[in-house]
There are 2 protein chains.
Amino acid sequence: MKKPVLSESQEDYLKEIFKLREMNETVSMQDLARKLDVRPPSVTGMIKKLCAMNLVEHEPYKGVQLTETGEKIALEVLRHHRLLELYLARHLNYSWDEIHEEAERLEHVISEKFEAAIADLLDHPTHDPHGDPIPTADLEIPESPDLLPLNSLKNCVNAGIGRIMTQDKDILNLLSRLELMPGQEIELIKNDATGIRVKVNGNQYLVPHTIAMLIWCGKTDI
Amino acid sequence: MKKPVLSESQEDYLKEIFKLREMNETVSMQDLARKLDVRPPSVTGMIKKLCAMNLVEHEPYKGVQLTETGEKIALEVLRHHRLLELYLARHLNYSWDEIHEEAERLEHVISEKFEAAIADLLDHPTHDPHGDPIPTADLEIPESPDLLPLNSLKNCVNAGIGRIMTQDKDILNLLSRLELMPGQEIELIKNDATGIRVKVNGNQYLVPHTIAMLIWCGKTDI
DNA sequence: ATACAAAGTTAGTCTATCCTAAATTATTTT
DNA sequence: AAAATAATTTAGGATAGACTAACTTTGTAT
């Protein structure tokens, strides 16, 4: 099937539907409106159009879903985005909190050639700097390690940070200063009502629960 | 003065006005329409808008000119474009005929940060792969060597290619195969009605006049 | 000087995407 | 189960940037 040419806006809709679907069972108009920063009627309108293009399915007053074609496109955009994030961080010295914004704009305009070139340069990575999986060139989602939010771990555990579940620049900035980022090994000292006390590279921090739930870890031992 | 936020379309108008002004004394609506691939009424309409924003000056039925602010923006876009071209060629292995198209899309979406990052990486170059001057960070146009079109040179001259005056992909592709590109040293064997016979890296070619006029050279001796 | 051609402009449409206000449907509370 | 609330949709409108058709201005050639 021929790939339709989509506007940036349309690509964003498909991408957000995909990301929301990963979290929730069903994707509501309102969630989409919030994520895309538009009013709900705009979403209804655009969804109608995407429906007509066979990229999404929509039962009025029920949720939205991607069709197979729609999902392919969403994955392509996501691949662009996440490859770009890693690329910006690794090769252009972007700090951890700057990559998302730039990738958000670039993801829609880079060619297949550009995508292939940076994928090569990065040695075909499977995860971006936030720990999000990067769809492969044939648009499969790579396996990710089993992860749990930091605040759900018990005391006295060693763990490796696998993924950071926010795009908030200030939080990302903070976390990167504290070296609480994917790839880091941490030691969980105590988990109580005041927060989670962790040790990273010799430094100890008390991480509040609100933040700890954004930090997903894979246990290295019990 | 605060820099206005422009659409990609508006940026393209300013950039083309600038480029046309370098060639011709006056920039006509029709030239613009041709370059931008739109109809003349669209140009009139957009020029009106840019006029109202104090980015261009326009006497109806006469030509268009950039204001100081307009020129600054044009130079910024041009800097993005030309830095990107060099970047794509040097760091992402783009072939010589592919860089223009990609840069054309990227130039509008990269941030100041991106611009600075690749400028650094490229060691603040003054010319792009076509030999076009890259405006500096403070938007001055760097000095370029004195150049003449290849077809205007006399027999038996050594020369260095300085600039290629076309964006046609097929011609660029051809020239790069023949190694007729900026930086190359060439020897001019003969220049007659049949064309210009040149020697490059040991190979001889007969370059037709139509192509030779696109290849601008600096003489290395007489 | 007039007439014609070329270039430029005006007027009126179209499409994409967003918006607000109002109406409808679904869900939750009592 | 009725009322209240929340989510969604419909209707109608705005704006940006393109378009065509028709008109105006300018410049040129006889």
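None of the values given here were measured: they were computed from a predicted structure. (Residues numbered from 1 in each chain as written. Chains lettered and ligands numbered in written order. Predicted model: local features only at pLDDT ≥ 70, side-chain atom pairs only at ≥ 80, totals over all residues. Heavy atoms only, no water.)

**Q** In this structure, what is going on with the pattern of salt bridges? I would like to understand it.
**A** Two side chains that carry opposite charge are able to pair once their charged atoms sit near each other. As enumerated under the stated definition, the model contains 26 salt bridges over all chains in all. Note that Lys15 of chain A is salt-bridged to Glu107 of chain A, the shortest N-O span being 2.6 Å. Residue Lys15 of chain A is found in helix H1 (residues 8–23), and its partner Glu107 of chain A is found in the loop between helix H5 (99–106) and helix H6 (112–121); the two are separated by 92 residues along the sequence. One exposure class covers both Lys15 of chain A and Glu107 of chain A, and it is buried. Among the ionic pairs, Lys113 of chain A bridges to Glu98 of chain B, the shortest N-O distance being 3.3 Å. One end of the pair, Lys113 of chain A, is in helix H6; the other, Glu98 of chain B, is in the loop between helix H4 (68–91) and helix H5 (99–106), on a second chain. A relative accessible area of 33% means that Lys113 of chain A is categorised as partly exposed. (Salt bridge = Lys/Arg side-chain N within 4 Å of Asp/Glu carboxyl O. Helix = DSSP H or I, 4+ residues; strand = E, 2+ residues; numbered from the N terminus. Buried < 20%, exposed > 50% of the residue type's maximum accessible area, 1.4 Å probe, protein only.)

**Q** Help me out: how do you make sense of the protein's contact with DNA strand C in this one?
**A** The environment of DNA strand C is formed by 21 residues, the closest being Ser7, Arg39 and Ser42 of chain A together with Lys48 and His58 of chain B. Each atom of DNA strand C within 4 Å of the protein was classed as base or backbone; sugar and phosphate made up 83%. At 2.9 Å from a phosphate oxygen of DNA strand C is found a main-chain nitrogen or oxygen belonging to Gln30 of chain B. Listed by contribution, the elements that provide at least two residues to the surface near DNA strand C are H1 and helix H3 (40–52) of chain A together with helix H2 (29–36) and helix H3 (40–52) of chain B. (Near = heavy atom within 4 Å. Polar contact = N/O pair within 3.5 Å; in protein donor to acceptor, adjacent residues only side chain to side chain.)

**Q** How do you make sense of the protein's contact with DNA strand D when you look at a structure like this?
**A** The local shell around DNA strand D holds 21 residues, among which Lys48 and His58 of chain A together with Ser7, Arg39 and Ser42 of chain B are the closest. The sugar-phosphate backbone supplies 80% of the atoms of DNA strand D found within 4 Å of the protein. Tyr61 of chain A has a polar backbone atom sitting 3.2 Å from a phosphate oxygen of DNA strand D. Ser7 of chain B is positioned such that a nitrogen or oxygen atom in its side chain is 2.6 Å from a phosphate oxygen of DNA strand D.

**Q** I would appreciate a short explanation of H3 of chain B in the present structure.
**A** Spacing of three or four residues puts side chains on the same side of an α-helix, whose turn is 3.6 residues. All names here are of chain B. Counted at 1.5 Å a residue, the expected span for H3 with its 13 residues is 18 Å, and the 19 Å between its end C-alpha atoms agrees. Every buried residue of H3 is listed here: Val43, Met46, Ile47 and Leu50. Projected down its long axis, H3 shows its buried positions confined to an angular sector of 105 degrees, all on one face. Opposite the buried face of H3, by more than 90 degrees, sit the exposed residues Pro41, Lys48 and Ala52. On the buried face of H3, the contacting elements are helix H1 (8–23), H2, strand E1 (56–58) and strand E2 (64–66). (Expected span 1.5 Å × (residues − 1). Arc of directions from axis to C-beta. Contact = heavy atoms within 4.5 Å.)

**Q** Is there a simple way to think about the packing of aromatic side chains in this case?
**A** One pair of aromatic rings is described through two measures. These are the centre distance and the angle between the planes. Considering all chains together, one arrives at zero aromatic pairs over all chains under this definition. Its guanidinium or amino end placed over the ring of Tyr94 of chain B, Lys113 of chain A lies 5.2 Å from that ring's centre, counting from NZ or CZ. (Phe/Tyr/Trp six-rings, centres within 6.5 Å; stacked < 30°, edge-to-face > 60°. Lys NZ or Arg CZ within 6 Å of the ring centre and 35° of its normal.)

**Q** Is there a simple way to explain the interface of chain B and chain A in this structure?
**A** Interface size, as often reported, equals the accessible area lost upon joining of the parts. Each partner contributes to the interface: chain B provides 18 residues, whereas chain A provides 18 residues. Each partner contributes to the roughly 1500 Å² buried at the junction of chain B and chain A, and carbon and sulfur atoms together form 61% of this total. It is Leu92, Val109 and Lys113 of chain B that lose the most area in chain B upon contact with chain A, and together they represent 33% of the buried surface on that side. Scanning the region where chain B abuts chain A turns up two salt bridges. Of all elements in the fold, only H4, H5 and helix H6 (112–121) of chain B reach the threshold of two or more residues within the side of chain B that touches chain A. Broken down by element, the residue count for the side of chain B that touches chain A peaks at five residues, all from H6 of chain B. (Buried area = accessible area lost by both parts, 1.4 Å probe.)

**Q** Just checking my understanding: could you explain the relation of the copies chain B and chain A for this structure?
**A** In this arrangement, two copies of a chain are superimposed by a rotation about an axis accompanied by a shift along the axis. Mapping chain B onto chain A is achieved by rotating through 180 degrees and translating by 0.0 Å along the same axis, at an RMSD of 0.2 Å. In symmetry terms, the pair is related by a two-fold rotation axis. Closest approach to the rotation axis among the C-alpha atoms of chain B is made by Leu106 of chain B, whose C-alpha sits 3.6 Å away. Interface overlap between copies: 100% of the residues of chain B at the interface are likewise at the interface in chain A, consistent with a symmetric, same-surface contact. (Least-squares fit on C-alpha atoms with pLDDT ≥ 70 in both.)

**Q** It is not clear to me how the nonpolar core should be interpreted in this structure. Could you clarify?
**A** Taken as a class, soluble globular proteins show a tendency for nonpolar side chains to be buried jointly. If you look at the biggest cluster of nonpolar residues, it comprises 36 residues, and the most contacted ones within it are Leu92, Leu106 and Phe114 of chain A together with Leu92, Leu106 and Phe114 of chain B. Sorting the residues of this core by element identifies helix H4 (68–91), H5 and H6 of chain A together with H4, H5 and H6 of chain B as the ones contributing at least two each. Ignoring sequence-local partners within four residues, the contact set of Phe114 of chain B consists of Leu88, Leu92, Tyr94, Glu102 and Leu106 of chain A together with Leu84 of chain B. (Core = buried A, V, L, I, M, F, W, Y, C linked by side-chain atoms within 4.5 Å.)

**Q** Explain the pairing of strand E5 (residues 185–192) of chain A here, please?
**A** When a strand is regular, its side chains alternate between the sheet's two faces. All names here are of chain A. Strand direction decides the pairing type here: strand E4 (residues 157–164) and E5, joined by four bridges, are antiparallel. From the neighbouring strand, Ala159 faces E5, where its bridge partner is Ile186. Pairing of E5 with strand E6 (residues 195–200), which is carried by five bridges, proceeds in the antiparallel orientation. Looking at the pairing, Asp192 lines up with Gly195 of E6. (Pairing = 2+ DSSP bridges.)

**Q** Sorry if this is basic, but what is going on with the packing of H4 of chain B against H6 of chain B here?
**A** When two helices pack together, their arrangement is given by the angle between the helix axes and the distance between those axes. All names here are of chain B. Where H4 meets H6, the axes come as close as 10 Å, and the angle between the chain directions of the two elements is 50 degrees. The angle between the axes of H4 and H6 places the two elements in the oblique class. Once H4 is placed against H6, the crossing between them reads as left-handed. Residues Glu76, Arg79, His80, Leu83, Leu84, Tyr87 and His91 of H4 form the contact with H6, whose own contacting residues are Glu112, Phe114, Glu115, Ile118, Ala119 and Leu121. Broken down by class, the residue content of the contact of H4 with H6 amounts to seven nonpolar, two polar and four charged. (Axes fitted to C-alpha atoms, helices over the stretch in contact; angles between N-to-C directions. Parallel < 35°, antiparallel > 145°, perpendicular 65-115°, else oblique. Left-handed = near helix turned anticlockwise from the far one by under 90°. Nonpolar A, V, L, I, M, F, W, Y, C, P; charged D, E, K, R; others polar.)

**Q** Please explain unusual backbone geometry as it appears in this structure.
**A** As a rule of thumb, non-glycine residues mostly have phi less than zero, and peptide bonds are mostly trans rather than cis. For His124 of chain A, which is not a glycine, the phi torsion comes out positive at approximately 50 degrees. With respect to the element layout, His124 of chain A can be found in the loop between H6 and strand E3 (148–149). For Asn93 of chain B, which is not glycine, the phi dihedral falls at a positive 60 degrees. Looking at where Asn93 of chain B falls in the secondary structure, it is placed in the loop between H4 and H5. Of the residues examined, Asn93 of chain B reaches a relative accessible area of 65% and is grouped as exposed.

Taken by themselves, the reported measurements are silent on function.
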